[in-house]
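Overview (structure and organization)
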Amino acid sequence: MNRLRLAPTVGIVASLAVIAVLAAPYAIVEGGSGVGTYFAAGAINPQIVGLFAAVAIIVFAAGREDRSPADLVAGATLVLGVFMTALALLWAVTVPQSVVTQLSTATLLQYHRGALVVTSLVVPATAVWYARILRIF
């Protein structure tokens, strides 16, 4: 596969993974009730991260299909990824542990906040990789 198409493809997969991680609590918490409370317990709602991930999918796809300038795509997805990571981190550190333990005894929910932060880090890393392939920096 062409390296100029591989980086945006990985970015699309990473953005889809962020959305999947955001949807995971609905499968972990019984009946899905309380997930809204879990998401609202932090300083911001992490569903904004999902919105940025959806936009990043569109931008990465535009770069992969040569519908937008590649350097613009690399820069835009880098900014989106940095904001995604910052918002995910802000939410993760402000959610009280008591909310997590009250919602579910499943250990998977204990790792959800960290998983969201780590997964969102892949998007700006992919954007930097794309910029390196393009020799922007």
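Preceding block: the structure.
Below or above, wherever it landed, is the structure these notes cover. (Residues numbered from 1 in each chain as written. Predicted model: local features only at pLDDT ≥ 70, side-chain atom pairs only at ≥ 80, totals over all residues. Heavy atoms only, no water.)

1. Brief notes about the nonpolar core
Filter applied, for reference: Side-chain atoms within 4.5 Å link the members of a nonpolar core, which is a set of buried Ala, Val, Leu, Ile, Met, Phe, Trp, Tyr and Cys residues. Under the scheme applied here, a residue whose accessible area is under 20% of the maximum for its type counts as buried, over 50% as exposed, and between as partly exposed, the area being computed with a 1.4 Å probe on protein chains only. Where helices and strands are cited, they refer to DSSP runs of H or I of at least four residues and of E of at least two residues respectively, numbered from the N terminus. Working rule for contacts: check all heavy atoms of both residues, and any pair within 4.5 Å makes them a contact.
Val18, Tyr38, Val49, Trp91 and Leu116 are the most contacted members of the largest nonpolar core, which has 34 residues in total. Residue assignment for this core shows that the elements contributing at least two residues are α1 (3-28), α2 (35-40), α3 (47-64), α4 (70-94), α5 (97-103) and α7 (112-133). Ranked by the residues each element gives to this core, the list is headed by α4, at eight residues. Ignoring sequence-local partners within four residues, the contact set of leucine 116 consists of Val18, Val21, Leu22, Pro46, Ala88 and Trp91.

2. Considerations on the packing of α3 against α4
To keep it simple, the criterion reads: Angles here are taken between N-to-C directions and fall from 0 to 180 degrees, while the axes themselves are lines fitted to C-alpha atoms, restricted in helices to the stretch in contact. Note on angle classes: values under 35 degrees are labelled roughly parallel, values over 145 roughly antiparallel, values of 65 to 115 roughly perpendicular, and the remainder oblique. For any pair of crossing helices, the crossing counts as left-handed if the nearer helix is rotated counterclockwise from the farther one by less than a right angle, and right-handed if it is rotated clockwise. Residues were grouped as follows: Ala, Val, Leu, Ile, Met, Phe, Trp, Tyr, Cys and Pro as nonpolar; Asp, Glu, Lys and Arg as charged; and all remaining residues, including Gly, as polar.
Packing of α3 against α4 brings their axes to within 9 Å, and their N-to-C directions diverge by 165°. Judged by the inter-axis angle, α3 sits roughly antiparallel to α4. The element α3 and its partner α4 pack so that their crossing is left-handed. Contacts between α3 and α4 pair Ile48, Val49, Phe52, Ala53, Val55, Ala56, Val59, Phe60 and Gly63 from the former with Val73, Ala76, Thr77, Leu80, Phe83, Met84, Leu87 and Ala88 from the latter. Across the contact of α3 with α4, the residue classes break down as 15 nonpolar, two polar and no charged.

3. Concerning the environment of leucine 51
Secondary-structure assignment places leucine 51 in helix α3. Since its relative accessible area comes to 51%, leucine 51 is described here as exposed. C-alpha of leucine 51 to C-alpha of alanine 125: the two residues are 74 residues apart in sequence and 18 Å apart in space.

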